[in-house]
Amino acid sequence: MPETHEKPVVDPVTMPKLKMDKQKLAAVNAWAIALAMFLGYCAIFAAIAGFTKKWDFSIPFFGRFMGSNAGAPRELLTGLFALVFAIFGLISLKKVTDVEATKKAWGCISKVFLGFVLVYAVNMVGIIIYSLMSLGREKYVFDQGQLWLDSFLSTVICCIGAGAIWFIGKQIAEGKTSVLRIASFIAIGLATVGFIIVFIQLLVSYYSKSDSSLDSLKDYDYSNVLDLLK
């Protein structure tokens, strides 16, 4: 019998291939790696601050960006976004072929993060001036220790992180494209560590809160309740 080639009733499902311009892909890849490094770096210190319970590390810009729509903790979202950006940057890196577009994108990133460094530097100077002005002024009573710990130290840490990304971006923009692969590994490393530490810190904080609430119930004086029931 002759072979018959029958057409299937339903066409097979095929996934559409995403096509992106080489220049756009280079820019998206560069920003994904840069954001993964910065957010992962911030997530690590936010988790460390959560463990100390005395230090409030403020993640720059991210809280305002998410606004009231962020149902999950800010630290968890920061680590998760960092991990997503890092994975995308590492996967899409092999598809980046436009050297000039890559250098241009990282040149833009280096300028942006240099601007962050300058903003953080001005903020640190402002904190120092404000702290010195308020010394011995009882009218402006506030905790100098918390000012230096929460504001100044957090600003210094963010300034160092932004400075490191500025330096990496500057190296790539000058033609040292071999640094790009190192940057992608740094991004995936910081994002992974940041997400894991944040996850552990949140679990520890939840269990410690439950324990403390049980302890408070044990120590509660129920004599007033018993008097009401008599």
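Analysis parameters
Residues numbered from 1 in each chain as written. Predicted model: local features only at pLDDT ≥ 70, side-chain atom pairs only at ≥ 80, totals over all residues. Heavy atoms only, no water. Helix = DSSP H or I, 4+ residues; strand = E, 2+ residues; numbered from the N terminus. Contact = heavy atoms within 4.5 Å. Areas by Shrake-Rupley, 256 points an atom, 1.4 Å probe, with all protein chains shown as cover. Axes fitted to C-alpha atoms, helices over the stretch in contact; angles between N-to-C directions. Parallel < 35°, antiparallel > 145°, perpendicular 65-115°, else oblique. Left-handed = near helix turned anticlockwise from the far one by under 90°. Expected span 1.5 Å × (residues − 1). Patch = residues over 30% accessible without salt bridge, like charges linked within 9 Å, V, L, I, M, F, W, Y side chains within 5 Å. Salt bridge = Lys/Arg side-chain N within 4 Å of Asp/Glu carboxyl O. pLDDT = per-residue confidence, 0-100. Phe/Tyr/Trp six-rings, centres within 6.5 Å; stacked < 30°, edge-to-face > 60°. Nonpolar A, V, L, I, M, F, W, Y, C, P; charged D, E, K, R; others polar. Core = buried A, V, L, I, M, F, W, Y, C linked by side-chain atoms within 4.5 Å. Buried < 20%, exposed > 50% of the residue type's maximum accessible area, 1.4 Å probe, protein only.

Next up on the list: the overall build of the protein. Helices and strands together make up the secondary structure of the protein, namely seven helices and zero strands. Element order for the protein, N to C, with α for helix and β for strand: α-α-α-α-α-α-α. Pairs at least 24 residues apart make up 79% of the contacts formed inside the protein by residues separated by at least 6 positions. If you sum the accessible surface of the protein, you get close to 15,300 Å²; carbon and sulfur atoms cover 67% of it.

Next up on the list: the packing of helix α1 (residues 22-52) against helix α5 (residues 144-173). Here α1 crosses α5 at 155°, and the two axes come no closer than 10 Å. The orientation of α1 relative to α5 falls into the category roughly antiparallel. Relative to α5, the crossing made by α1 is right-handed. When α1 is examined against α5, the residues A34, M37, F38, Y41 and F45 are found in contact with a partner set consisting of I157, C158, I160, G161, A162, I165 and I168.

Here we take up α1. Between its terminal C-alpha atoms α1 stretches 45 Å, which fits the 45 Å expected from 31 residues at 1.5 Å a residue. Just past α1, the residue K53 takes up positive phi, approximately 65°.

Attention now moves to a nonpolar patch on the surface. Where nonpolar side chains cluster on the molecular surface, the patch consists of F51, I196, F199, I200, L203, V204 and Y207 and spans about 660 Å² of accessible area. Among the elements that take part in the nonpolar patch, helix α6 (residues 178-219) stands out by supplying six residues, more than any other. Counting through the fold element by element, Y207 comes out in helix α6.

Close inspection of predicted coordinates is inappropriate in any region flagged by low pLDDT. In this model, the protein carries an average pLDDT of 80, and 73% of its residues clear a pLDDT of 70 or more. For the stretch residues 210-230, pLDDT sits under 50, and the model shows two contacts to residues farther than four places along the chain or on other chains.

For any pair of aromatic rings, geometry is given as the distance between the ring centres together with the angle between the planes. This structure, assessed with the given rule, holds eight aromatic pairs. By way of ring pairs, the aromatic residues Y41, F45, W55 and F57 are connected into one cluster.

What follows covers the packing of α1 against helix α4 (residues 99-133). Remark: α1 packs on α4, axes separated minimally by 8 Å, with the N-to-C direction vectors making an angle of 35°. As α1 packs across α4, the resulting crossing turns out to be right-handed. The residues of α4 that touch α1, namely those facing Q23, A26, A27, A30, W31, I33, A34, M37 and F38, are A101, T102, A105, W106, C108, I109, V112, F113 and Y120. Per-class residue counts for the contact of α1 with α4 are 16 nonpolar, two polar and no charged.

Turning our eyes to something else, we now look at the nonpolar core. Grouped together as the largest cluster of nonpolar side chains are 41 residues, with contacts concentrated most on M37, F57 and W106. Broken down by element, this core gets its largest block of residues, 11 residues, from α1. For W106, the contacting residues outside a window of four places in its chain are A30, I33, A34, M37, G169, I172, A173 and L180.

Locating K95 in the fold gives a position in the loop between α3 (74-92) and α4. C-alpha of K95 to C-alpha of L25: the two residues are 70 residues apart in sequence and 8.0 Å apart in space.

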